[in-house]
Structures are given as C-alpha cells and as structure tokens.
Amino acid sequence: MSARKTQLPKRLRKKAKRGFRGYPVATIAIYGSDDRIASKMAVAIVAREGAEPTALERWFAEDGDVRNDARMGAEVLRFIENHDVKTVVMTDRIIGCPHEEGTDYEGPTCPMCPFWANRDRWTGEIVH
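As the structure is a computational prediction, the values presented were derived from the model and not from experiment.

Rules used in this analysis
Residues numbered from 1 in each chain as written. Predicted model: local features only at pLDDT ≥ 70, side-chain atom pairs only at ≥ 80, totals over all residues. Heavy atoms only, no water. Helix = DSSP H or I, 4+ residues; strand = E, 2+ residues; numbered from the N terminus. Rg over C-alpha atoms; globule rule 2.2 N^0.38 Å. Buried < 20%, exposed > 50% of the residue type's maximum accessible area, 1.4 Å probe, protein only. Contact = heavy atoms within 4.5 Å. Areas by Shrake-Rupley, 256 points an atom, 1.4 Å probe, with all protein chains shown as cover. Lys, Arg positive; Asp, Glu negative; His and termini not counted. Charge placed at Lys NZ, Arg CZ, Asp CG, Glu CD. Patch = residues over 30% accessible without salt bridge, like charges linked within 9 Å, V, L, I, M, F, W, Y side chains within 5 Å. Salt bridge = Lys/Arg side-chain N within 4 Å of Asp/Glu carboxyl O. Phe/Tyr/Trp six-rings, centres within 6.5 Å; stacked < 30°, edge-to-face > 60°. Lys NZ or Arg CZ within 6 Å of the ring centre and 35° of its normal. pLDDT = per-residue confidence, 0-100.

(A) Region of the structure containing the overall build of the chain. The secondary structure content of the chain amounts to 2 helices and 4 strands. Helices and strands in the chain line up, N terminus first, as α-β-β-β-α-β. Radius of gyration (C-alpha) of the chain: 15 Å, near the 14 Å computed for a compact globule of 128 residues. Considering only C-alpha atoms, the chain reaches an extent of 40 × 30 × 25 Å along its principal axes. For the chain, the proportion of its 128 residues judged to be buried stands at 40%. A fraction of 58% describes how many contacts in the chain between residues 6 or more apart in sequence connect residues 24 or more apart. Working note: accessible area of the chain is about 7900 Å², and carbon and sulfur atoms make up 48% of it. Here the chain contributes 21 positive and 19 negative side-chain charges, whose respective centroids are spaced 10 Å apart.

Listed below in structure tokens is the structure:
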C-alpha cells in the first residue's frame, strides 16, 4: 500500500502533531477509490467526549488529490478555526472508498471502488 504523505497546509499538519489538547476535537479522514489518490476529505467536530459530531463538512476533488489542493486546505483550516477546535486528529493515509453506503450504493461493498472490497481500511491488507 502506498504511504503517500499528505501535502495539507503546514498549520494543519502541525495542529495534528500536537496531540490531545482538549475539546472540541476535529477528526479528519481521507478517502479515495484506491490508496493513491484522495478524492474526498471529511472533517467532523466533536464537542466533548462520547458525543456525536456537532458539525460535519466534506470536500471533494474532481481532478487531483484533495491533500494537494491549497484552497481546500485553507477551507478546512477555516472550518476548524470557526469551531474553536483545540485538538486535530487526522488519518495518515487514505482509509477507504469516498462513496457512502446507503447514499451512493447499497450493500457491503462499493461497486465503483473494487480496490476496497475485502480490504482492511486501516492497514490496507486483504482480508477474507
């Protein structure tokens, strides 16, 4: 599996490296049809421990990689700052298909992203 580093803005990467600094927490997940190009970034804001997200925003790239889009990076930073986030948690890789079960497709696997069928989204390993 490709372990491509993200090119998100330095300020965002720096926030993610700081570790837990309290709530609210922003979680950032990266998705793509395979493990090389990220076409979707989802950011959720969690106000307190055990709570459901209070805000969720998604960004999509039609061409290229969301991690390399400076405009999207700036929008993510603005979203996080607007919610007074103290902690940023970010995946270090693409963790799955950008399509949403029940919205974009029905069933256990996405027919548009065969790469992720029978694959552990956290390790990239094939599972049976």
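Alright, that's what it looks like, and here's the rest.
(B) Local environment of a positive patch on the surface. Taken together, the side chains of Lys10, Arg13, Lys14, Lys17, Arg18 and Arg21 define a basic patch exposed on the protein surface. As for its placement among the helices and strands, arginine 18 is situated in the loop between helix H1 (10–17) and strand S1 (25–31). Its relative accessible area of 41% is what places arginine 18 among the partly exposed residues.

(C) Structural view of the packing of aromatic side chains. Counted according to the given criterion, the structure contains 3 aromatic pairs. Look at phenylalanine 20 and tyrosine 23: their rings are 5.4 Å apart centre to centre, the planes differ by 70 degrees, and that puts the pair in the edge-to-face class. Looking at tyrosine 23, the relative accessible area reads 30%, which means it is partly exposed. The interplanar angle of 85 degrees and the centroid separation of 5.0 Å between the aromatic rings of phenylalanine 115 and tryptophan 116 together place this pair among those described as edge-to-face. Against the face of phenylalanine 115 rests arginine 119, its NZ or CZ located 3.9 Å from the ring centre.

(D) Summary view of the confidence of the model for the chain. Per-residue pLDDT for the chain averages 90, and the proportion of residues at 70 or more is 95%. Ignoring residues within four places in sequence, the model shows residues 1–6, a span with pLDDT below 50, making 14 contacts including any to other chains.

(E) Local environment of the pattern of salt bridges. Considering all chains together, one arrives at 7 salt bridges under this definition. In this structure, the salt-bridge partner of glutamate 81 is arginine 11, at a minimum N-O distance of 2.1 Å. Taken as a pair, glutamate 81 in helix H2 (residues 70–82) and arginine 11 in helix H1 lie far apart in primary sequence, 70 residues in all. Under the relative-accessibility criterion, glutamate 81 is labelled partly exposed at 36%. Among the residues examined, arginine 11 registers a relative accessible area of 49% and is labelled partly exposed. Between lysine 40 and glutamate 100 there is a salt bridge, and its shortest N-O distance comes to 2.9 Å. Taken together, the residues lysine 40 in strand S2 (residues 40–46) and glutamate 100 in the segment after strand S4 (87–94) connect sequence positions 60 residues apart. Here lysine 40 falls in the buried class, since its relative accessible area comes to 5%. For glutamate 100, a relative accessible area of 26% gives the class partly exposed. Through salt bridges that share partners, Lys40, Arg58 and Glu100 make up one connected network.

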